[in-house]
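# Reading the structure
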Amino acid sequence: MRIVGRTVVCVTTPDVLPYGSWPSPIAAAEVSAASPRLEGARFVGDPSGQPEVWWGESVAGEGGRSAVRRRSASGAVVDVLPAPWSARSRVHEYGGGSWTADDDGVLYFVEKADQRIWRLAPGEEPGPLTPDAGDVRYGGLTLQHGRLLAVREDHTAGAAPVRDIVGVPVDGSAVRHPARLASLARGSDFVAHPALSPDGTHLAWIAWNHPNMAWDRAELRVGRLDGGEVVEWTTVAGGEASPGEAHSPLQPVWIGDDDLLYADDPTGRWNLWRLRLTADLHHEQVAPADADTGGPLWVLGTRWFAALADGRVIAVRTDGADALVLIDAHGTERVLPLDAVTRLSIEDTRGGRVLVSGAGSGGAGLWELDVDGPGAGRLIIGGASPWGEEWMPQPRAVTEPGPHGPVHAFDYPPTNPGVVGPDDEKPPYVVFVHGGPTDHVGGAASGKIAYLTSRGIGVLDVNYGGSSGYGRAYRERLLGQWGVVDVDDVVAAARGLAASGDADGSRLAIAGGSAGGWTVLCALANSDAFAAGISRYGVADLRRLAEDTHDFEARYLDGMVGPLPQAEKLYVERSPLTHLDRMRTPLLIEQGLEDRVVPPSQSETVRDALAANGVPHAYLAFEGEGHGFRSADTLVRTLEAELSFLGQVLGFETPDVPRLDLA
């Protein structure tokens, strides 16, 4: 206690405890429930009145079921789509755009079990809108000018799926008469972002073909509609419209009958562009910036900008972290306050009100903003830490030099209001490696990160070369170099942190899933930087991945490694399975048994090699889980297992979780 003036101030001296063993109120079960996994949101109701906010949410406690919910006038959260229905699309395997709704409260959704589109009106039972035609999937649902549009993916014709944009009758007549399901646009391997002009005469959409991914080379196409079907179309950005230039146009939005707004990256950054359908197809850039309004099109339905009714535009800007900007007709910009810094998506607009999803210091959330009002908007769901801000680590953006250029990352130091570490000890750190690999982390603490940092374990979240959010040049650093640049970059970031004195260089672990799991395995096979590894459904065999993976990513490796069969030797040399004799680092492997992207056989081969090499390891396989874990039981089990594993390998006690048995 000390006296300041006439005020008695109680000063609590924090406990000094070894890093990794700090007591924490953040339990694994709370982490799995604390931060919702949101899947779209909309205003629903009378446009002139006070509309409700509806949102999609993956419910971990119901096995990852994708519910559609709303908040009632009393503040209670009510299911619009009740169990056991689940709104989840499998188009491109990653889905997206699995539901939409009209202002009469009618819900249109893709049912996970059969991938058909269903209609649910208030007071009724769901009824199908698309026929039961085998393995046909729908996604990217959107209501535009009275028409329900969707992306259709048909797997019935053969090995290669056929995709098109369809108009879906909302009266259910296509169930009995499939010909009424009008195919509006086709003629490419992939389609996305259908946009119908206000007068109904034109359709714009994004198209791309193998071997490109949407962020490598894509086209913006505009077609003339006659009788509800595109009768002729032209490429207006990308493709033959932009010979010799790298274009990845995204998200066309009509702002007039012949006036189109879209995102494109010919400058190396995704910026907004305006196209007028005149004879010379006049393009002009809107509010250019050294930041991205756009990102990799993994999930259908993601929106990086929206045009407001008064002509202004609200847009996400990404340069490491995300910001929200309002752009007026003169190109003047104003940054809008928002308690989120990453994963921002413009979900819906109504007048000057906007629904924005994203993640901030309190985790994932959904906000409603008045673009002309004060403050950071009304929080609809999520977005706040249930443990208090004092338990959430403050991220520090760091850039470390690497052999291929600068490496960007976010450092989350150990954070506990009641405990500090010994002066003569440096904290252990876990290096997080995101998936994709064309993905991005933006500096927002999550419950999963706080689960570690509150116990005295630091987290370094790395945007290695190949990540989005820093422009095309940084993204393309990984072309032909997957398994090299990503590994070098995470090693450089980890060693840089240790060299600065912020981490114990002898107690560095690395963890990642999918493509991040690949980097984990490659790093353990090709460096000695890490004392422990955690691979979640990680890629281990490139040739097997090329053979087994789904069509969306079937040619992804052409750019990331090289085309087959010409580059087969490189596939063999890069694959961790080729170098299992080098893997001497303790490893925890986690795998979903229904994973169609990375089959369990890859993880099981790594497990068998570790057993043969006598390396401490554990293999956790989960029934009912695919490529990414959703069930609450799985999320709890993996968090607790990872903590126990880190404690055993890095040398600290973990008394509050079950002990993981290592083989």
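Residues numbered from 1 in each chain as written. Predicted model: local features only at pLDDT ≥ 70, side-chain atom pairs only at ≥ 80, totals over all residues. Heavy atoms only, no water.

### Observations regarding the sheet that holds strand 26 (residues 321–327)
Working definition: the strands of a sheet are paired by backbone hydrogen bonds and lie parallel or antiparallel to each other. As a reminder, the rule being used: In this analysis, strands are considered paired if DSSP registers two or more bridges between them. Elements are defined by DSSP. Helices are runs of H or I of four residues or more, strands are runs of E of two residues or more, and each kind is numbered from the N terminus. Only the stretch in contact is used when a helix axis is fitted, and all axes are lines through C-alpha atoms; the angle between N-to-C directions ranges over 0 to 180 degrees.
Pairing in this open sheet of four strands is antiparallel, and the strands run 24-25-26-27 from one edge to the other. Edge strands, defined here as strands with exactly one partner in the open sheet, are strand 24 (305–307) and strand 27 (333–336). Each neighbouring strand pair of the sheet contributes to a mean axis angle of 30 degrees, computed without reference to strand direction. Strand direction decides the pairing type here: strand 24 and strand 25 (residues 313–319), joined by three bridges, are antiparallel. Its bridge partner lying in strand 25, F305 is registered against A315.

### Considerations on the sheet that holds strand 10 (residues 117–120)
One open sheet holds the four strands; their spatial order is 8-9-10-11, and the pairing between them is antiparallel. The two strands at the open ends of the sheet, each matched to only one other strand, are strand 8 (99–101) and strand 11 (127–128).

### A short note on the side chain of S454
Selection rule: Here, residues are in contact when the closest pair of their heavy atoms is within 4.5 Å.
The topology assignment puts S454 in the loop between helix 3 (447–453) and strand 36 (458–463). Leave out the neighbours within four places in its chain, and S454 touches W22, P23, S24, I26, W391, T415 and N416.

### Remarks on the pairing of strand 33 (residues 405–412)
Operational definition: Only protein chains enter the accessibility calculation, which uses a 1.4 Å probe. A residue is then buried if its area is under 20% of the maximum for its type, exposed if over 50%, and partly exposed in between.
Along strand 33, seven of the eight residues are buried, which leaves the element largely enclosed by surrounding structure. When strand 32 (residues 396–402) meets strand 33, the two strands line up antiparallel, connected through seven bridges. Considered in strand 33, the bridge of P401 is made with P406. Between strand 32 and strand 33, which pair antiparallel and follow one another directly, the connecting turn spans two residues. Relative to strand 36, strand 33 runs antiparallel, the two being bridged by five bridges.

### Here we look at the pairing of strand 26
Summarising burial for strand 26: five of the seven residues are buried, a large majority. Judged from the seven bridges that link them, strand 25 and strand 26 form a sheet pairing that is antiparallel. Bridge assignment links T318 to a residue of strand 26, and that residue is D322. The loop that links strand 25 with its antiparallel partner strand 26 comprises one residue; one of these, G320, has a positive phi angle of about 85 degrees.

### Structural notes on helix 11 (residues 632–650)
Put simply, the rule reads: Expected span of a helix, by definition, is 1.5 Å for each gap between consecutive residues, and there is one gap fewer than residues. N or O atoms within 3.5 Å of each other form a polar contact, as long as, within protein, one can give a hydrogen and the other can take it, and as long as residues adjacent in sequence are counted only when both atoms are side-chain atoms.
Helix length check: helix 11 (19 residues) gives 27 Å between terminal C-alpha atoms against 27 Å at 1.5 Å per residue, within 8%. Sitting at the amino-terminal end of helix 11 is S631, which places a side-chain oxygen 3.3 Å from the backbone nitrogen of D633.

### Quick look at the nonpolar core
The criterion, for reference: Definition of nonpolar core: a set of buried residues of the types Ala, Val, Leu, Ile, Met, Phe, Trp, Tyr and Cys, connected through side-chain atoms within 4.5 Å.
Formed by 142 residues in total, the largest nonpolar core has its most connected members in L203, W482 and F530. Take this core: its biggest share by element is eight residues, from helix 6 (residues 515–526). Judged by nonpolar contacts, the second largest core, of 16 residues, contains L324, L326, V354 and V371.

### A look at the environment of L620
Within the secondary structure, L620 is located in strand 40 (residues 617–622). Residues L620 and L508, 112 residues apart in the sequence, show an inter-C-alpha distance of 22 Å.

### Considering the packing of aromatic side chains
The condition that has to hold: Any two of the Phe, Tyr and Trp rings considered here, Trp counted by its six-membered ring, make a pair once their centres fall within 6.5 Å; the pair's planes then place it as stacked at under 30 degrees, edge-to-face at over 60, or tilted in between. Only Lys NZ and Arg CZ are tested; either one counts as a charge over a ring when it is within 6 Å of the ring centre and within 35 degrees of the ring normal.
Counted by the stated rule, this structure contains 16 aromatic pairs. Centroid distance W298 to F552: 5.8 Å. Interplanar angle 65 degrees. Geometry classified as edge-to-face. Taken together, the residues W298 in the loop between strand 23 (282–286) and strand 24 and F552 in the loop between helix 7 (542–548) and helix 8 (556–560) connect sequence positions 254 residues apart. Site record: aromatic cluster; members linked through ring pairs are Y94, F190, W208, W215, W298, F552 and Y556. The ring of Y451 has R455 sitting right over it, with the charged end atom 4.2 Å from the ring centre. Taking the ring centre of Y619 as reference, the NZ or CZ of R607 above it sits at 4.9 Å.

### Some details on the layout of surface pockets
To locate leftover empty space, one rolls a probe as large as a water molecule over the atoms. Our working rule: Lining residues are those with an atom within 4 Å of a point, where the points come from a 1 Å grid over the protein atoms alone and group into cavities, where a 1.4 Å probe fits but cannot get out, or pockets, open sets with protein on both sides within 12 Å along at least five of seven lines. Grid points are joined across faces, edges and corners, and a volume is the space filled by probe spheres set on the points. Each residue receives one of three labels: charged for Asp, Glu, Lys and Arg, nonpolar for Ala, Val, Leu, Ile, Met, Phe, Trp, Tyr, Cys and Pro, and polar for the others, Gly being one of them.
As a volume, the second largest pocket reaches approximately 270 Å³. Forming the boundary of the second largest pocket are 15 residues, of which R274, V286, G311, D328 and A329 lie nearest the centre. Class assignment for the residues of the lining of the second largest pocket results in eight nonpolar, three polar and four charged.

### Overview of the environment of D439
Along the chain, D439 falls in the loop between strand 35 (429–433) and helix 3. A residue is classified by how much of its surface remains accessible, and D439, at 21% relative accessible area, is partly exposed. One polar contact links D439 to R343, side chain to side chain, over a distance of 3.0 Å.

Bear in mind that shape data such as this cannot, by itself, settle questions of function.
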